[in-house]
Amino acid sequence: MESAEISSDKISHAFLFRPDVRFSSQHQEEDVVLVVRQHIFTQLSWIANGFIFISLLILGNFILPSFFSINQIVIVNFFVVSFVISYFWINILLWYFTVGVVTNERIIDLDFYNLIYKEFSATTIVQVSDLTTKIGGFFGSLLNFGTVNVQTEGFEQNIEFERIPRPSTVVKIINNLMKFGGEEPK
Amino acid sequence: MENVFSLLSNPTNGEFLSLFLKAFAVLFAFLYLLLTVVMTRQTQIMNQTFTTTKSSLLLIISSFQIVLAGILIIISLFLI
């Protein structure tokens, strides 16, 4: 597959081909070929939650004046807005840093489950034995996102890129890297 | 302290509510400060683990929330 055929998703930043990124255990000769994040559609649940909080606050502003003074209502609003900002920000960070990275040497799965727990799994391209793509559900088919499962030989760990955009393209890129021993065809 | 005792011995609804609100506001403001400090520290760690062109922007936004938490503490201590 020609590199020119693959374009990054510049708006959602969920599919980045040859991005300008580095990761902690990157080797000197190692080039990042692909970075994938969960499809932006899969993040709608926390975005909706945030807007529900804001709506409840707006609704509460009609009820609160019978209990609190104006000064107190302003402070309650300030508090709720701060917490909603943090709620949004934590989720943005978790989405932004939970990435799948494909380099010319390795496949890396970096997962942040919450602010204080992370998981780093990696395997070399030569160890990959099987690649599986799963695209399921109405929205998965419509918006072209799904899960890529990277299986390695023996009891080595398996890597999963969950709900990523363009899973078939990801598999093609990894297949090409496997075929050409980590070197991309020009 | 004397005011607190007199409030508890001779309370009115408004004063109780105000005291209650202030206590919770101060408590939550300090907890929020703790959260934002952890968040900023974690953003630094995340940036070290995975560095992108937007790393510094992410850190600035996280740090801004510490300032926000500081403002909340001041507000809850002096404006309620």
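Cut-offs applied
Residues numbered from 1 in each chain as written. Chains lettered and ligands numbered in written order. Predicted model: local features only at pLDDT ≥ 70, side-chain atom pairs only at ≥ 80, totals over all residues. Helix = DSSP H or I, 4+ residues; strand = E, 2+ residues; numbered from the N terminus. Contact = placed C-beta atoms within 7 Å. Buried ≥ 20, exposed ≤ 12 C-beta atoms within 10 Å, placed from the backbone. Pairing = 2+ DSSP bridges. Axes fitted to C-alpha atoms, helices over the stretch in contact; angles between N-to-C directions. Parallel < 35°, antiparallel > 145°, perpendicular 65-115°, else oblique. Nonpolar A, V, L, I, M, F, W, Y, C, P; charged D, E, K, R; others polar. Domains from an automatic or database assignment. Expected span 1.5 Å × (residues − 1). pLDDT = per-residue confidence, 0-100.

Some thoughts on the overall build of chain A
- Along chain A, the regular secondary structure elements total four helices and nine strands.
- Secondary structure elements of chain A occur, N-terminal to C-terminal, as β-β-β-α-α-β-β-β-β-α-β-β-α.
- Its C-alpha atoms give chain A principal-axis dimensions of roughly 70 × 35 × 35 Å.
- For chain A, long-range pairs separated by at least 24 residues make up 53% of all intrachain contacts whose partners lie at least 6 apart in sequence.

Some details on the environment of A:R163
Residues and elements named next belong to chain A.
- Structurally, R163 can be placed in strand β9 (residues 159-165).
- Residue classification places R163 among the buried residues on the basis of 22 C-beta atoms within 10 Å.
- Counting along the chain gives 138 residues from R163 to S25, while the straight-line C-alpha distance between them is 25 Å.

With respect to the interface of chain A and chain B
- Between chain A and chain B, the contact holds 22 residues from the first and 25 residues from the second.
- Contributing elements (two or more residues each) for the side of chain A that touches chain B: β2 (22-23), α2 (70-97) and β5 (106-114) of chain A.
- Across two bridges, β2(A) lies against strand β1 (residues 50-51) of chain B in antiparallel orientation. Bridge pairing in β1(B) links A:R22 to B:T51.

Description of the packing of helix α1 (residues 44-63) of chain A against α2(A)
All names here are of chain A.
- In the contact formed by α1 and α2, the axes pass within 10 Å of each other and the chain directions differ by 175°. When the axes of α1 and α2 are compared, the pair comes out roughly antiparallel. Across the interface between the two elements, W46, G50, F53, I54, L57 and N61 from α1 touch I73, N77, V80, V84, Y87, F88 and N91 from α2.
- Among the residues making up the contact of α1 with α2, the classes are represented as nine nonpolar, four polar and no charged.

As for the domain arrangement of chain A
- On domain assignment, one finds that chain A holds domain 1 (7-21 + 30-38 + 101-179) and domain 2 (44-92).
- Taking only C-alpha atoms into account, the centre of domain 1 of chain A sits 37 Å from that of domain 2 of chain A.

Here we look at unusual backbone geometry
All names here are of chain A.
- Backbone geometry at R18 places phi at a positive 50°, although glycine is not the residue there.
- C-beta crowding within 10 Å serves as the criterion here: with 14 such atoms nearby, R18 is assigned to the partly exposed category.
- Positive phi outside glycine occurs at R163, with the angle close to 50°.

Details of α1(A)
- A rise of 1.5 Å per residue sets the reference length of α1(A), with its 20 residues, at 28 Å; its end C-alpha atoms lie 29 Å apart and thus fit the reference within 8%.
- Of all 20 residues in α1(A), zero are buried, a share of ten percent or less.

Points about helix α3 (residues 55-78) of chain B
- The terminal C-alpha atoms of α3(B), which comprises 24 residues, lie 35 Å apart, in line with the 34 Å expected from a rise of 1.5 Å per residue.
- Along α3(B), the residues that are buried comprise B:L58, B:S62, B:Q65, B:A69, B:L72 and B:S76.

Thoughts on the confidence of the model for chain B
Residue and element names in this part refer to chain B.
- The share of residues in chain B with pLDDT of 70 or more is 82%, and the mean pLDDT across the chain is 85.
- Model confidence for chain B, summarised as mean pLDDT per element, is weakest for helix α1 (residues 2-9) at 58 and strongest for α3 at 93.
- Interface predicted TM-score (ipTM) for the complex: 0.81; the corresponding pTM is 0.86.

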